[in-house]
Number of protein chains: 4
Amino acid sequence: MANSKYEYVRNFERDEHLLPNTWIVVRIDGRGFHKLSNHYGFGKPNDIRALNLMNLAATRVVTSIPEIVLAYGISDEYSFVFHKSMNLFERRNAKLVSTVVSTFTAAYVALWPTAFQSGSAWEDGTAASLDVAMLPTFDGRVVCYPSWENLRDYLSWRQVDCHINNLYNTTFWALVQNGGMSHTEAEEFLKGTVSGDKNEILWSRFGINYNNEPEMCRKGSVIYRDYALETTATIGEPKGDEGDEVWRGIEQPGSKTQAEKMRKIRQKARVVTRHVDIIRDEFWVQRPWIRSGKPGKPPEQDLES
Amino acid sequence: MANSKYEYVRNFERDEHLLPNTWIVVRIDGRGFHKLSNHYGFGKPNDIRALNLMNLAATRVVTSIPEIVLAYGISDEYSFVFHKSMNLFERRNAKLVSTVVSTFTAAYVALWPTAFQSGSAWEDGTAASLDVAMLPTFDGRVVCYPSWENLRDYLSWRQVDCHINNLYNTTFWALVQNGGMSHTEAEEFLKGTVSGDKNEILWSRFGINYNNEPEMCRKGSVIYRDYALETTATIGEPKGDEGDEVWRGIEQPGSKTQAEKMRKIRQKARVVTRHVDIIRDEFWVQRPWIRSGKPGKPPEQDLES
Amino acid sequence: MANSKYEYVRNFERDEHLLPNTWIVVRIDGRGFHKLSNHYGFGKPNDIRALNLMNLAATRVVTSIPEIVLAYGISDEYSFVFHKSMNLFERRNAKLVSTVVSTFTAAYVALWPTAFQSGSAWEDGTAASLDVAMLPTFDGRVVCYPSWENLRDYLSWRQVDCHINNLYNTTFWALVQNGGMSHTEAEEFLKGTVSGDKNEILWSRFGINYNNEPEMCRKGSVIYRDYALETTATIGEPKGDEGDEVWRGIEQPGSKTQAEKMRKIRQKARVVTRHVDIIRDEFWVQRPWIRSGKPGKPPEQDLES
Amino acid sequence: MANSKYEYVRNFERDEHLLPNTWIVVRIDGRGFHKLSNHYGFGKPNDIRALNLMNLAATRVVTSIPEIVLAYGISDEYSFVFHKSMNLFERRNAKLVSTVVSTFTAAYVALWPTAFQSGSAWEDGTAASLDVAMLPTFDGRVVCYPSWENLRDYLSWRQVDCHINNLYNTTFWALVQNGGMSHTEAEEFLKGTVSGDKNEILWSRFGINYNNEPEMCRKGSVIYRDYALETTATIGEPKGDEGDEVWRGIEQPGSKTQAEKMRKIRQKARVVTRHVDIIRDEFWVQRPWIRSGKPGKPPEQDLES
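Everything in this summary refers to the structure shown in the same document. Everything numeric here is computed off the predicted structure, so don't read it as measured data. (Residues numbered from 1 in each chain as written. Chains lettered and ligands numbered in written order. Predicted model: local features only at pLDDT ≥ 70, side-chain atom pairs only at ≥ 80, totals over all residues. Heavy atoms only, no water.)

1. Structural notes on the sheet that holds strand β5 (residues 221-226) of chain A
Residues and elements named next belong to chain A.
Argument step 1. Reading across from one edge, β4-β1-β3-β2-β5-β6 is the order of the six strands in this open sheet, with antiparallel pairing throughout. Two strands lie at the open edges of the sheet, namely β4 (138-145) and β6 (270-274), each paired on one side alone. The average undirected angle you get between the axes of adjacent strands in this sheet is 20 degrees.
Argument step 2. Where strand β2 (residues 68-74) meets strand β3 (residues 77-82), six bridges bridge the pair, whose relative direction is antiparallel. Paired with G73 across the strands is Y78, a residue of β3.
Argument step 3. Taken strand by strand, helix α4 (residues 93-117) contacts β1 (23-30), β3 and β4, and its axis lies near 135 degrees from that of β4. (Pairing = 2+ DSSP bridges. Helix = DSSP H or I, 4+ residues; strand = E, 2+ residues; numbered from the N terminus. Axes fitted to C-alpha atoms, helices over the stretch in contact; angles between N-to-C directions. Contact = heavy atoms within 4.5 Å.)

Right, dumping it as structure tokens:
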């Protein structure tokens, strides 16, 4: 029985192939997480267990997709960066965004019970089991950045946002939880304040030194594969990056084998999570493989253990 | 602290808004389900528990997104049909596909333990708990169909595919499981056979009447909101559909309220799952609200219960 | 000498194929025609020679591209409608828009000297020869309309715009040319007026009956292939249109030959220009071939001549 | 009279905004120029008058669109390069391609009579006047290149193509015109030959030294704005280019004024046409303003004259 009579409908399918030689960012966002965090009694301003769960789910995504060179997360959002030389799924937009979103969601839901089993300082344990009518879900989008500078600026934008939001939320919830204000009163009180004001309120009213707040909350979380810096000579930003050469080689036989080999090295690498500054150059200078896309040797501490 | 220095990166975001007044289909597909079904010991040719889990997850999607008028699933794929008049997420491609994929994945993972708790005739119970390194994930894509005929042909295409694949798989696994053939031998044996041949093999060799196989396997599963056919006068295909009028009214004040009201009626409606022919007209003639997009009254059996 | 080293750059090319089974409209607009019409001394509010030139150029486009079923023009813009069943250039966006724009521009420039050779009531003949630093150019865009109703509404939108603009311009220029007002005064004077007011001003102040203005100015110009209405039985809107069947047949051998045959009949047909109402049904009922896309026999008057 | 009833059709318009910070190339191609060149009796293998006309039309495009930093043409095609920092028409795809194609076509048609008035060595003068049924038209497409290396490779690809095609055509037509072969015989004769073979055939059979053929035919034509190299210090490729800074500044007030100032300097610059190697670095090192996008001072020879 041939299927040809109806098969013409495939002609209506359209694939968007993202521009080659650009950095691809897939950013996912929690859907209705304000309501969801109330439903499950998340701690305020931050629920460390929920942030850890985000990081575990993101680690699952990075581990299962070696083409991702870095992920950066704050609150209920995560950005996954694909190297500009990569050609996974022929760079099809819908395939990339749906695979990342589905892998993240699957891990988030599967790991939920473990993440919320042990309570934290703020919690009453209500989050322990998932309600099918209130499942955590995420939407996603894809953005291409043509230059390394654009990508760095994108990540800086997210980390600045992390800082702005977390300082605001920390002060807001201190005023509500410790200062006895209503939500509206706290909101009114903070209108027009700048960073310095909020730091001062936290310190003078509540004895809170904002810089002692958990780094995960203040800096967000960055996930990447860890390699050893091979020689001091390689310290410093690489002059260029691999994009142009890889795309130039796209027609050449043999290039697939090389790509496959690099993929396997990446799959074996240790995926780590850090809460550090990614705006200044230091982070990137010490990890040149993120920009170059070339996997290295495992770091010494891995060899020792 | 202003975020303006880096915020320019938002200018690189691009949204694709799908063409108005077209039927939108989001089709999701299991990623690597061949490997996954082996890992968890799914029954062959069909694992009824796994198919039921697909249907439960899809029902969750339809329930939580009232703009979906119908879903149709076979094997590890599901198609969700949005009415052509809908404007959810301003019809943004990435938002639609990621929301459907994430909602489906979340439900599939969350409901997995329940689905696999009770064994079936074929199972040894290995599927009971999920392995984090082998999580079920789905990718998705969006297709627009301009006419009702195109949409009907799309759904017919999927149902014909269901039939072709299921007849093949049923015969293949009978030859392997009951006929003692290796996978390769069974494959060779079936080369060049047509439907009639396979029916004959099943009957003469194994005493299997293909038409007695479960309807869920032979016809797939269709999910929709159930309403009463209000009067005999409304039986028959509606002359047209609501698309044109809705899009004409897009600028008119008040149209939002009306849409909101219809959305609420839909949210209250009962979502049902059936395993029936959707190629012939009968199914559609008896459920005119699917094409019209106009919710009706609940069916009588609902009122009685 | 192989060109392979650089040829990888072709991988950066992206083609947008417009959704099948939708009506495609390519609309072109004169670039900077306000300045251009002043430079060449076009008559105000309308320069009949310039409008005729638009129509001649559009006729050239329709004649050379048989897939176009209708063109409609007002002022310095023209819309070209491709039948929804057509597959010219595989419906590639850039190819369609650039071909229409280039063909229109070439004809407009080539026919300019003829169009402006004989002066009209308003002209002093300055337009006779083209200045290379002030060449007429056009930009273009593509829009897809999924239903016949959407397409009709699009064309109605343009004809309503024609009416609104022409009534305004006729009154404005009467106030300036015959009423001695400055541009600013006329603009101020017309602020807040409705159609009835403008008709009244024209009549009471200048004895102009707007309905006697040239139909080309009041109704715009519609261009199409003319065929005979074969029998009275075919009068009336066709029940459906050919789109679905054609797209269904897209995989079938032989369909190309049929398409080629129809293309040839169209190429031989007479292309006519009319200045009539295209908002009401009458125009379309009498010319069913525009919607059906099926070419007919030549009209009787053609056979006689 | 309001136009609101039909105006909803504007919601079907879709604009593609090309990715910021990428080099945009609009490439136009003559439509059916094989037939057209026969119709008008173009000289073979090259008609110098026709190539000059291409260059004049392209110069018109570059002159009227200051955002174009370079154009490169061979045979009946021309590539126009927009600087990656530019935001003309908000980088809308259809607007860019249609404007370039229309401006080119208008100039090509308007300048045709002048270009073909004086005959050349090969011509019989048949091209003198344009036939409305055989107007020259062009289609176009847009490609984005993220890096300077990709753009250079694109232009190298076109210049290598120019060389390959011109060497072939020169040999082919020598065999036909001077060697008495038919088209088929010449084609057969050249099958499998490499560059060296063709050079040898030209020299040994016809005494033609290919390197003495006109540079316009062998190298194509490159068009750009000419400025003085301000100091020896600026010789050498600039370290980076302006793209990132410009896009970073996209939100900042004042940036528009600066852009407007640069646009005016560009409009005054002399647009030149050269037939030189653009594959090696030399051309680019001596004209750093093409990559930087920063206009300079006029060259000395311009000041003297």
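Text resumes after the structure shown.
2. What about the relation of the copies chain A and chain C?
Superposing the two chain copies requires a rotation about an axis and a translation along that axis.
Argument step 1. Mapping chain A onto chain C calls for a screw motion: a turn of 180 degrees about the axis and a shift of 0.0 Å along it, with 0.0 Å RMSD after fitting. The symmetry that links the two subunits is that of a two-fold axis. Proximity to the rotation axis, assessed at the C-alpha, singles out E16 of chain A in chain A; its C-alpha lies 4.3 Å from the axis.
Argument step 2. Of all interface residues in chain A, 100% are interface residues in chain C too; the two copies therefore contact each other through one and the same surface. (Least-squares fit on C-alpha atoms with pLDDT ≥ 70 in both.)

3. Topic: the pattern of salt bridges
Oppositely charged side chains may form a pair once their charged atoms are brought near each other.
Residues and elements named next belong to chain C.
Argument step 1. Considering all chains together, one arrives at 68 salt bridges over all chains under this definition.
Argument step 2. With its nearest N and O atoms 2.9 Å apart, the salt bridge here joins R49 to D47. One exposure class covers both R49 and D47, and it is buried.
Argument step 3. Across the pair R263 and E67 runs a salt bridge, and its minimum N-O distance is 2.6 Å. (Salt bridge = Lys/Arg side-chain N within 4 Å of Asp/Glu carboxyl O. Buried < 20%, exposed > 50% of the residue type's maximum accessible area, 1.4 Å probe, protein only.)

4. What to know about helix α7 (residues 195-206) of chain A
All names here are of chain A.
Argument step 1. The end-to-end C-alpha distance of α7 is 16 Å, a good match for the 16 Å that twelve residues give at a rise of 1.5 Å each.
Argument step 2. Among the residues making up α7, those that are buried are K198, I201 and L202. Along the axis of α7, the buried positions cluster into a sector of 95 degrees, meaning they face one direction only.
Argument step 3. Contact partners of the buried residues in α7: α5 (148-177) and α6 (183-190). (Expected span 1.5 Å × (residues − 1). Arc of directions from axis to C-beta.)

5. Remarks on the interface of chain A and chain C
Argument step 1. In this assembly, 15 residues from chain A lie in contact with 15 residues from chain C.
Argument step 2. A per-residue breakdown of the area chain A buries against chain C is headed by Y8, F12 and R14 of chain A, which together make up 37% of the total.
Argument step 3. Run the count over chain A and chain C and you get four residue pairs in polar contact (both at pLDDT 80 or more).
Argument step 4. Those elements that provide at least two residues to the side of chain A that touches chain C are α1 (4-7) and α9 (243-248) of chain A.
Argument step 5. Its residues assigned to classes, the side of chain A that touches chain C comprises seven nonpolar, three polar and five charged. (Buried area = accessible area lost by both parts, 1.4 Å probe. Polar contact = N/O pair within 3.5 Å; in protein donor to acceptor, adjacent residues only side chain to side chain. Nonpolar A, V, L, I, M, F, W, Y, C, P; charged D, E, K, R; others polar.)

6. A short note on the interface of chain A and chain B
Argument step 1. In this complex, chain A contributes 54 residues to the contact, which on the side of chain B involves 54 residues.
Argument step 2. Carbon and sulfur atoms supply 61% of the area that chain A and chain B bury against each other, a total of about 4700 Å² over both sides.
Argument step 3. Viewed at the interface, chain B and chain A are joined by eight salt bridges.
Argument step 4. Here E13 of chain B makes a salt bridge to R141 of chain A, at a shortest N to O gap of 3.6 Å.
Argument step 5. Across the chain A-chain B interface, the total number found is 20 residue pairs in polar contact (both at pLDDT 80 or more).

7. Describing the packing of helix α3 (residues 48-64) of chain B against helix α4 (residues 93-117) of chain B
All names here are of chain B.
Argument step 1. Taken N-terminus to C-terminus, the directions of α3 and α4 make an angle of 135 degrees; their axes are 8 Å apart at the nearest point. What the angle tells us is that α3 and α4 run oblique. As for the relative orientation of α3 and α4, their crossing is right-handed in sense. From α3, R49, A50, L53, M54, L56, A57, A58, R60, V61 and S64 reach across to α4, where they touch V100, T103, F104, A107, Y108, L111, W112, A115 and F116.
Argument step 2. Of the residues assigned to the contact of α3 with α4, the class counts are 15 nonpolar, two polar and two charged. (Parallel < 35°, antiparallel > 145°, perpendicular 65-115°, else oblique. Left-handed = near helix turned anticlockwise from the far one by under 90°.)

8. Observations concerning the relation of the copies chain A and chain B
Argument step 1. Each copy superposes on the other: chain A lies on chain B with an RMSD of 0.0 Å after a rotation of 180 degrees and an axial shift of 0.0 Å.
Argument step 2. A shared interface surface links the copies, since 100% of the contact residues of chain A are contact residues in chain B too.

9. A look at the pairing of strand β5 (residues 221-226) of chain C
Put simply, side chains in a regular strand alternate between the two faces of the sheet.
All names here are of chain C.
Argument step 1. Across the six residues of β5, six count as buried, placing the element largely inside the fold.
Argument step 2. Alignment of strand β2 (residues 68-74) against β5, held across three bridges, turns out to be antiparallel. When the bridges of β5 are listed, Y72 appears paired with V222.
Argument step 3. Pairing of β5 with strand β6 (residues 270-274) involves five bridges; the strand directions are antiparallel. Bridging across to β6, D226 finds its partner in R270.

10. Let's talk about the sheet that holds strand β1 (residues 23-30) of chain C
Residues and elements named next belong to chain C.
Argument step 1. The strand order across the open sheet built from six strands is β4-β1-β3-β2-β5-β6, with neighbouring strands paired in antiparallel fashion. Only two strands of the sheet have a single partner each, and these edge strands are β4 (138-145) and β6. If you compare each strand with its neighbour and ignore which way they point, the axes differ by 20 degrees on average.
Argument step 2. Pairing analysis gives six bridges linking β1 to strand β3 (residues 77-82), with the strands arranged antiparallel. Each residue of the ladder has a partner; that of D29, found in β3, is E77.
Argument step 3. Helix α5 (residues 148-177) rests against β1, β2, β3 and β4 of the sheet, and its axis sits at about 25 degrees to β2.

11. What to know about the environment of C217 of chain A
Residue and element names in this part refer to chain A.
Argument step 1. On the secondary structure map, C217 appears in helix α8 (residues 215-219).
Argument step 2. Judged by its relative accessible area of 5%, C217 falls in the buried class.
Argument step 3. With 50 residues separating them along the chain, C217 and L167 place their C-alpha atoms 9.2 Å apart.
Argument step 4. Sequence-distant contacts of C217, defined by excluding residues within four places in its chain, comprise N46, I48, L51, C162 and N166.

12. Let's talk about unusual backbone geometry
All names here are of chain B.
Argument step 1. P45 follows K44 through a cis peptide bond whose omega is 0 degrees.
Argument step 2. Located in the positive-phi region is S75, a residue other than glycine, with phi close to 50 degrees.
Argument step 3. Under the relative-accessibility criterion, S75 is labelled exposed at 53%.

13. Concerning the side chain of S156 of chain B
Argument step 1. Inspection of the secondary structure assignment puts S156 of chain B in helix α5 (residues 148-177).
Argument step 2. We classify S156 of chain B as buried; its relative accessible area is 2%.
Argument step 3. Setting aside residues no more than four positions away along its own chain, S156 of chain B makes contact with Y6 of chain A together with I278 and I279 of chain B.

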